2 protein chains.
Amino acid sequence: MIIVKIGGGDKINIKGIIEVIVHGANALRDKLAEDLGQPKQVLTSVKGYTSVYSDEKLLDVMMMAYAGLRNKRIVELCHQHGINAVGLSGLDGKIVQGRRNKGIRVYQGKKLKIVRDFSGKPQTVNAPLLQLLLDNGYVPVLTVPIIDEQNAAINTENDDVVRVLQQALQADMVINLIGAPGFLENKDDENSLIENIFASELEAREQQVDGRMKRKMLAVRKLFEHGASKVIISDGRTKHPVTDALAGKGTVIT
Amino acid sequence: MIIVKIGGGDKINIKGIIEVIVHGANALRDKLAEDLGQPKQVLTSVKGYTSVYSDEKLLDVMMMAYAGLRNKRIVELCHQHGINAVGLSGLDGKIVQGRRNKGIRVYQGKKLKIVRDFSGKPQTVNAPLLQLLLDNGYVPVLTVPIIDEQNAAINTENDDVVRVLQQALQADMVINLIGAPGFLENKDDENSLIENIFASELEAREQQVDGRMKRKMLAVRKLFEHGASKVIISDGRTKHPVTDALAGKGTVIT
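If you're wondering where the values come from, they're calculated on a predicted model, not measured in any experiment. (Residues numbered from 1 in each chain as written. Chains lettered and ligands numbered in written order. Predicted model: local features only at pLDDT ≥ 70, side-chain atom pairs only at ≥ 80, totals over all residues. Heavy atoms only, no water.)

Engineer: Talk me through the packing of aromatic side chains; I want residue IDs and the actual numbers.
Structural biologist: Two descriptors summarise a pair of aromatic rings, namely the distance from one centre to the other and the angle between the planes of the rings. The tally for this structure, following the rule as stated, stands at 0 aromatic pairs over all chains. Positioned above the aromatic ring of Phe 118 of chain A, the side-chain terminus of Arg 100 of chain A is 4.3 Å from the ring centre. (Phe/Tyr/Trp six-rings, centres within 6.5 Å; stacked < 30°, edge-to-face > 60°. Lys NZ or Arg CZ within 6 Å of the ring centre and 35° of its normal.)

Quick look at the structure:
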């Protein structure tokens, strides 16, 4: 079982992709939010992790960008390549259920403040529904939002969705397609690709980067803590990203 | 088996609804298109039926409004009422497949012109997938777009989706929730409700109205041609629209 995670950047080539798919749409969401005159606000937790302030309006925009436009265009593309895709948000059949955050500790100026929004962490997967679809030849194409314990839609990181999926499906390999050749020693230099990383190095690598990449590396670390044996961070912009990844291009983490 | 169709108006109360659901989102789509600076264009065919000019951008907006925001908020609401909903567009698992229109004959000034867009008519339903979901306790919540014979996303009338669903599922009753008390003798007078219509009168009633309602009545007529025994056009704005409809409120067509 291979899970393919597609980043939310603009330039991901979604052709040539197979199996369970989890995708983002952050670039699309941000543009849509801008166009609608309600640009996203970013929170930075006291621990240094950034996240989008997810109020009800931002959730609306997410439903449009992730579960709507991006998800359905990926499903359409899959069908055009003979893949019988079914697009689902985490809400559908409660396929990904989570716990809403009690609040995120942020500094406002020098003042510590707790901000609560519609965001949280995925906890469980409706594995029987996923299995039902897989057993009948469908390829689930999953994205956020997910559903919380009160049946409200919440935002979460797709990387965390991949983690709970990996556990539920016992996937041995996760392919993480991003808008770069892989993990870069210097994020501004595409020639600084690191080809191999040991799982034991992940915590150190995480400290080396910030923003979304920091969160991504944390998610990869958690994948190994929960039983993954191989994660490939690879370029989603090539013609055949999955084939390339399986051929060992990108950053192979073992 | 009862199919519930929810109109796309702003004021539909989506609480208290059960079973297979098909929903619109035209008010939301129109507002979104306006907000994004690309207001919809309406085509009027030579036969007098109106339809939205569905180019690729309009399809994008539809995916956001129908399959994204509206679909996922309905799914969320269903879960909050104990209904295990799975939201799907017609693209997902090719659950509703259709044929793209060859072109719509319109007058531009006095000149007859054929305009081709991404719109069409639904032809087939993936009944096994619907049945798989129903048999496992899920309530499918369906909306446009659907998929055409070339695996492209196309716009279609949700009323036509209801028709092919009714045939595929052999539903005996269709409840059509709209933003009015039912079929009105005078569309501007909510007190002019017609409580009972015989199927044989439908063609005449269709001539009495225009715009969306004309198309809706055509769709109802086709439901009877394909085996429906009862259609209720009822008010979606009440507290318990389905209960009300089943109690005979609205326009009962037999």
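Engineer: Explain the side chain of Asp 235 of chain A residue by residue, including any values.
Structural biologist: Residues and elements named next belong to chain A. Within the secondary structure, Asp 235 is located in strand 15 (residues 230–235). Judged by its relative accessible area of 13%, Asp 235 is buried. Within polar-contact distance, the side chain of Asp 235 engages the side chain of Arg 237 at 2.8 Å. Once you skip the residues sitting within four places of it in the chain, Asp 235 turns out to touch Leu 177, Ile 178, Ala 180, Pro 181 and Pro 241. (Helix = DSSP H or I, 4+ residues; strand = E, 2+ residues; numbered from the N terminus. Buried < 20%, exposed > 50% of the residue type's maximum accessible area, 1.4 Å probe, protein only. Polar contact = N/O pair within 3.5 Å; in protein donor to acceptor, adjacent residues only side chain to side chain. Contact = heavy atoms within 4.5 Å.)

Engineer: Describe the nonpolar core, naming the residues involved and giving the relevant values.
Structural biologist: Ranked by size, the top nonpolar core spans 149 residues in total, and within it Leu 165 of chain A together with Leu 165 of chain B carry the most contacts. Residues contacting Leu 165 of chain A, with those up to four places away along its chain left out, are Ile 3, Val 20, Val 22, Val 125, Leu 130, Leu 142 and Gln 170 of chain A. (Core = buried A, V, L, I, M, F, W, Y, C linked by side-chain atoms within 4.5 Å.)

Engineer: So what's going on with the sheet that holds strand 12 (residues 153–154) of chain A? Residues and values would help.
Structural biologist: In a beta sheet, neighbouring strands are held together by backbone hydrogen bonds and run either parallel or antiparallel to one another. All names here are of chain A. If you walk across this open sheet you meet the 4 strands as 9-6-11-12, and the pairing is mixed. Sheet topology places strand 9 (120–125) and strand 12 at the edges, where each strand pairs with a single neighbour. Where strand 11 (residues 146–148) and strand 12 come together, 2 bridges link them in antiparallel fashion. By the bridge assignment for strand 12, Ile 146 is matched with Ile 154. (Pairing = 2+ DSSP bridges.)

Engineer: So what's going on with helix 1 (residues 26–35) of chain B? Which residues, and what values?
Structural biologist: Buried residues of helix 1 of chain B: Asn 26, Arg 29, Asp 30, Leu 32 and Ala 33 of chain B, and no others. Projection of helix 1 of chain B onto a plane perpendicular to its axis shows the buried side chains occupying an angular sector of 165°, all on one side. Exposed and facing more than 90 degrees away from the buried side of helix 1 of chain B are Lys 31 and Glu 34 of chain B. For helix 1 of chain B, the elements touching its buried residues are helix 2 (56–80) of chain A together with strand 4 (50–52), helix 2 (56–80) and helix 6 (211–225) of chain B. (Arc of directions from axis to C-beta.)

Engineer: Could you give an account of the relation of the copies chain B and chain A, with specific residues and numbers?
Structural biologist: For the pair chain B and chain A, the relating rotation is 180°, the translation along its axis is 0.0 Å, and the fit reaches an RMSD of 0.0 Å. Such a combination of rotation and displacement between the chain copies is what one expects of a two-fold axis. When you check the interface residues of chain B against chain A, 100% turn up at the interface there too, and the contact is symmetric in its surfaces. (Least-squares fit on C-alpha atoms with pLDDT ≥ 70 in both.)

Engineer: How would you sum up the environment of Leu 69 of chain A? Please name residues and give values.
Structural biologist: Residue placement: Leu 69 of chain A occurs in helix 2. A residue is classified by how much of its surface remains accessible, and Leu 69 of chain A, at 11% relative accessible area, is buried. What Leu 69 of chain A contacts, discounting residues up to four positions off in sequence, is Leu 28 and Met 64 of chain A together with Asp 60, Met 63 and Met 64 of chain B.

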